[in-house]
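Spelled out from the first residue to the last, the chains are:
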Amino acid sequence: MKIYVPRDAAAKALGADAVAAEITEQAKSRGIDVTLVRNGSRGMVWLEPLVEAETPAGRMAFGPVTVADVAALFDAGFGAHPLALGETDKIDWMARQTRLTFARCGVIDPLSVADYEAHGGLAGLRRALSMTSAEIVKETTDSGLRGRGGAGFPTGIKWKTVADAKADQKYIVCNADEGDSATFADRMIMEGDPLTLIEGMAIAGIGVGATKGYVYIRSEYPDAIEVMQAAIGVAREAAVLGTSVLGSGRAFDMEVRVGAGAYVCGEETSLLNSLEGKRGVVRAKPPLPALEGFLGKPTVVNNVISLATVPVIFEKGAAFYKDFGLGRSRGTIPLQIAGNVKHGGLFECAFGQTLGEIVDGIGGGTASGRPVKAVQVGGPLGAYFPRALFDTPFGYEEFAGKDGLIGHAGLTVFDDSADMLKQARFAMEFCAIESCGKCTPCRIGAVRGVETVDRIARGDADAIPILTDLCNTMKMGSLCALGGFTPYPVMSALTHFPDDFRVAHQEAAE
Amino acid sequence: MAPALSAEAVLNRTDDIVTEQAGLEGPLLPILHAVQAAFGYVPQETLPLIADRLNISRAEVHGVVSFYHDFREAPAGKHVVKLCRAEACQAQGADALADHAKARLGVDFHGTAKDVTLEPVFCLGLCACGPAALVDGRVVGRLDAARLDEILAGFGA
Ligand SMILES: Cc1cc2nc3c(=O)[nH]c(=O)nc-3n(C[C@H](O)[C@H](O)[C@H](O)COP(=O)(O)O)c2cc1C
Ligand code: SF4
Ligand code: FES
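Residues numbered from 1 in each chain as written. Chains lettered and ligands numbered in written order. Predicted model: local features only at pLDDT ≥ 70, side-chain atom pairs only at ≥ 80, totals over all residues. Heavy atoms only, no water.

Q: How do you make sense of the overall build of chain B when you look at a structure like this?
A: What chain B contains, in helices and strands, is 7 helices and 5 strands. Along chain B, helices (α) and strands (β) appear in the sequence α-α-α-α-β-α-α-β-β-β-β-α when read from the amino end. Over its C-alpha atoms, taken along the principal directions, chain B stretches across nearly 50 × 30 × 25 Å. Counting all 157 residues of chain B, 54% fall into the buried class. Here chain B displays about 6,800 Å² of accessible surface, and carbon together with sulfur accounts for 50% of that area. Taken together, the 13 basic and 20 acidic charged side chains of chain B have centroids lying 6 Å from each other. (Helix = DSSP H or I, 4+ residues; strand = E, 2+ residues; numbered from the N terminus. Buried < 20%, exposed > 50% of the residue type's maximum accessible area, 1.4 Å probe, protein only. Areas by Shrake-Rupley, 256 points an atom, 1.4 Å probe, with all protein chains shown as cover. Lys, Arg positive; Asp, Glu negative; His and termini not counted. Charge placed at Lys NZ, Arg CZ, Asp CG, Glu CD.)

Q: Quick question: what am I supposed to make of empty space enclosed by the protein here?
A: Residues and elements named next belong to chain A. If you walk through the whole model with that rule in mind, you get 3 cavities of 30 Å³ or more. In this structure, the largest cavity occupies an estimated 60 Å³ of space. Lining the largest cavity are Val264, Val282, Ser435, Cys436, Lys438, Cys439, Cys442, Leu479, Cys480 and Leu482. Of the residues in the lining of the largest cavity, the class split is 8 nonpolar, 1 polar and 1 charged. (1 Å grid on protein atoms, 1.4 Å probe; cavity = no way out; pocket = protein on both sides within 12 Å on 5 of 7 lines; lining within 4 Å. Points joined across faces, edges and corners; volume = space filled by probe spheres on them. Nonpolar A, V, L, I, M, F, W, Y, C, P; charged D, E, K, R; others polar.)

Q: I tried to follow the domain arrangement of chain A on my own but got confused; where do I start?
A: The accessible area lost on association of the parts is a frequent measure of interface size. Residues and elements named next belong to chain A. Each domain of chain A was delimited in the assignment, giving domain 1 (2-95), domain 2 (121-322), domain 3 (330-415) and domain 4 (420-509). Here the C-alpha centroids of domain 2 and domain 3 sit 27 Å apart. Across the contact, 22 residues belong to domain 2 and 22 residues belong to domain 3. Summed over both partners, the interface of domain 2 with domain 3 buries about 1,700 Å², with 59% contributed by carbon and sulfur atoms. Linking domain 2 with domain 3 are 1 salt bridge. A salt bridge links glutamate 397 to arginine 146, with the nearest nitrogen and oxygen atoms 3.1 Å apart. (Domains from an automatic or database assignment. Contact = heavy atoms within 4.5 Å. Buried area = accessible area lost by both parts, 1.4 Å probe. Salt bridge = Lys/Arg side-chain N within 4 Å of Asp/Glu carboxyl O.)

Q: Looking at this structure, I do not really get the site of ligand 2. What am I missing?
A: Residues and elements named next belong to chain A. Near ligand 2 there are 13 residues, and of these Cys436, Lys438, Cys439, Cys442 and Cys480 occur at the shortest range. Judged by its atoms lying within 2 Å of the grid points, ligand 2 is housed in the largest cavity. Here the residues of the shell around ligand 2 are counted per class, giving 8 nonpolar, 4 polar and 1 charged. (Near = heavy atom within 4 Å. Sits in = over half its atoms within 2 Å of the grid points.)

Q: What am I meant to see in the sheet that holds strand β7 (residues 212-217) of chain A here?
A: Pairing between sheet strands relies on hydrogen bonds along the backbone, with the strands arranged either parallel or antiparallel. Residue and element names in this part refer to chain A. With respect to topology, 4 strands assemble into an open sheet ordered β8-β7-β6-β9, the strand pairing being parallel. Edge strands, defined here as strands with exactly one partner in the open sheet, are β8 (253-258) and β9 (299-303). Here the average twist between neighbouring strands, direction ignored, is 20 degrees. As paired elements, strand β6 (residues 171-176) and β9 share 5 bridges and run parallel to each other. By the bridge assignment, valine 173 is partnered in β9 with valine 301. (Pairing = 2+ DSSP bridges. Axes fitted to C-alpha atoms, helices over the stretch in contact; angles between N-to-C directions.)

Q: Any chance you could explain the interface of chain B and chain A here in plain terms?
A: Taken together, the contacts link 38 residues of chain B with 63 residues of chain A. For the chain B face of the interface with chain A, the top three residues by lost area are B:Glu25, B:Phe67 and B:Glu87, together amounting to 19%. Applying the counting criterion to the chain B and chain A interface returns 2 salt bridges. Residue A:Glu429 pairs with B:Arg85 through a salt bridge whose shortest N-O separation is 3.1 Å. Of all the elements in the fold, those that place two or more residues in the side of chain B that touches chain A are α2 (28-39), α4 (58-67), α5 (87-90) and β5 (138-140) of chain B. Split into classes, the residues belonging to the side of chain B that touches chain A amount to 22 nonpolar, 10 polar and 6 charged.

Q: Hey, could you run me through helix α7 (residues 133-142) of chain A in this one?
A: Because each turn of an α-helix spans 3.6 residues, side chains separated by three or four positions in sequence point in the same direction. Residue and element names in this part refer to chain A. What α7 keeps buried is the set Ile136, Val137, Glu139 and Thr140. Looking straight down α7, one finds that the buried residues subtend no more than 160 degrees of arc, so they occupy a single side. Opposite its buried face, α7 presents the exposed residues Ala134 and Lys138, each directed more than 90 degrees away. Buried positions along α7 lie against α6 (123-129), α8 (155-164), α10 (194-208), α13 (304-316) and α14 (318-322). Among the residues trailing α7, glycine 144 stands out with phi positive, at a value near 80 degrees. (Arc of directions from axis to C-beta.)

Q: How do you make sense of the packing of helix α19 (residues 463-477) of chain A against helix α21 (residues 487-496) of chain A when you look at a structure like this?
A: Helix packing geometry: the angle between the two helix axes and the distance between the axes. Residue and element names in this part refer to chain A. The contact between α19 and α21 brings their axes to 10 Å, and the two run at 150 degrees. Classed by the angle they form, the pair α19 and α21 counts as roughly antiparallel. The two elements α19 and α21 cross, and the hand of that crossing is left-handed. Between α19, through Ile464, Leu467, Thr468, Cys471, Met474 and Lys475, and α21, the contact on the second element is made entirely by Pro487, Val490, Met491 and Leu494. (Parallel < 35°, antiparallel > 145°, perpendicular 65-115°, else oblique. Left-handed = near helix turned anticlockwise from the far one by under 90°.)

Q: What's the story with the nonpolar core in this structure? I'm lost.
A: The nonpolar side chains of a soluble globular protein tend to be buried, and buried together. If you look at the biggest cluster of nonpolar residues, it comprises 86 residues, and the most contacted ones within it are A:Met190 and A:Ile198. At 9 residues, α10(A) tops the list of elements feeding residues into this core. Ignoring any residue separated from it by four or fewer positions in sequence, one finds A:Met190 in contact with A:Ala176, A:Leu197, A:Val215, A:Ile217, A:Tyr221, A:Ala224, A:Val227, A:Met228 and A:Val304. Judged by nonpolar contacts, the second largest core, of 70 residues, contains A:Leu275, A:Ala374, A:Met474 and B:Tyr68. (Core = buried A, V, L, I, M, F, W, Y, C linked by side-chain atoms within 4.5 Å.)

Q: What is the right way to look at the sheet that holds strand β13 (residues 345-350) of chain A in this model?
A: Residues and elements named next belong to chain A. Strands sit in the order β13-β12-β16-β14-β15 across an open sheet of 5 strands; the sheet is mixed. For this open sheet the edge positions go to β13 and β15 (384-386), each flanked by a neighbour on one side alone. Direction aside, the axes of adjacent strands within the sheet are offset by 30 degrees on average. Both strand β14 (residues 372-377) and β15 contribute to a ladder of 3 bridges, which runs antiparallel. Bridge pairing in β15 places valine 375 opposite phenylalanine 385. Across the sheet, helix α15 (residues 355-362) touches β12 (332-339), β13, β14, β15 and β16 (410-415), and the angle it forms with β14 is around 120 degrees. Where α21 meets the sheet, it contacts β14 and β15, and its direction lies at approximately 20 degrees from that of β15.

Q: Looking at this model, I keep getting lost on the confidence of the model for chain B. Mind explaining?
A: Any region with low pLDDT has predicted coordinates that should not be read closely. Here chain B averages 96 in pLDDT, and 98% of its residues register 70 or above. Both scores are available for the predicted complex, with the pTM at 0.97 and the ipTM at 0.96. (pLDDT = per-residue confidence, 0-100.)

The following block contains the structure:
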């Protein structure tokens, strides 16, 4: 019998390792032959550890499973049991998704090239190897894929700049710094289907003429680092990486590099400095990294999800991918629903669902059962949305039009106990802690920002216009989006939840 | 904690680490990570050697060590508990949990008491099962005060 227990960090954080050990133990004592696969997560974090058993009727899910449940699951022959959820793919949350980037995540053994190929893997790379550089770049452009790291820059256009640059060495750098709160798509794909990222990087390398790649993974992700390193090993053995990619005679290889706990190193130029062994200070642009990136060479810097989506685009074609979506947001987006939410996890679907559909419909509202007060979209630099804006469709332009951003598509749900003044203060505090120090509006502004919010909290309403001014200065005068976008959470909190800034005033006056 | 090494042993080990990593493009971060893995922190006395071997200034190496939150200039306690302070965990009660941890250990973030170092971390990618923590490098989700007390009691703290 084949049983799956995720090795995903969220599953582990909820006890998956102990459950896996108990399954091995029970199988042994019962004399049952069990093949245990440590797969990725299906993304239903509220059901983790989610155990699956392969049966003649399909893959059956059980969850959330504790060590104490395991014996009873064996007694029931992994059939009728109170934790039984039916066939995994038919669970409502799964059935409603369009899984393109995450099609294999949670399904396959993350470190089996055979499993990977049996589920469509490497078809994209094989196709790319039969194309010219110009055709690869055009296919990427035609897919409408935009950077999933937050800025939404068209991936194909970035690749074209690098492809057209003349240099003795070019690089593909994968940005796996994923520092935004509420985001875990990069982590999940690296732990659950790392070969898709490797394949995507290889396609990028072949496309732009780069032979070397780096994945810069944040140190806060020990599990992802381990799986990614192992996956590079199996990819080399299978000649997916190496001097002759799949026997094509074309070289591409890559390695993992580990960050050191600086949020700003997610910014691409800071990341490049960090990779070079320098302080993670942001570089002024131009020069673009595409022309003068790692060690001064032309470099593609792309987010994990951007690169991990490339294989399916090449497998199924640009037109197929582009067909999904809304407006200028093409394809699918892995939503990461987090915070105080009933059904938290990763849900991949075409762009265009409204915020309300996502939070209430998919997420099921708050975990506490209290009303949703605010949803922060796009991480620590993203705006807080009130219920009044729940009709906003999920798309780059649509969110920008509401003074927000989708960022890396993480959503944090807060119930009505949230204090938005406190959240505004945190945004400034975070910016102050993580600022690279290069420009004054960010370095000094964020510290002043914390002080100014504290004044408002003490009942000084005169500080409110000062905070607004400060936000304008930071927005206009900062070199990168850390200082430049911190005003989004601050101003959205102030604009949409003015009572939280006034109540404090009244309390202080009493 | 690793047994105290002689100054000479520290430098010898550091020299080996630099030799192992020197072939990398941009070797400094991998070297510093390896040094910290070997000694539990980045000893001041290793910096001149690293600078010398990489042919960069001491100030540059020092600047890098001090820039990144991960690198310690002194050893941590025997156990390290990193509590997530970021928004999704805040929405699930991380602030109260942090207050509880600080009160129980009698230290603020970055402090060490009873062999336990308490540190903040901004997101562990466990945002749908917060409050999250990294305890001696192992992930923990849906942490609450009772569970944290259990973990700390297990450390004798
Ligand atoms: C402060 C800051 C942090 C960022 N963090 C990340 C990150 O963790 N991951 C990421 O992919 N992009 C991050 N970005 C965006 C990158 O600078 C860059 O746009 C991205 O890596 C490009 O890849 P893409 O086009 O595939 O999105 C960050 C930007 C800023 C200003
Ligand atoms: S805005 Fe802040 S983080 Fe960005 S370059 Fe300026 S000081 Fe550095
Ligand atoms: S916000 Fe705490 S783990 Fe992401």
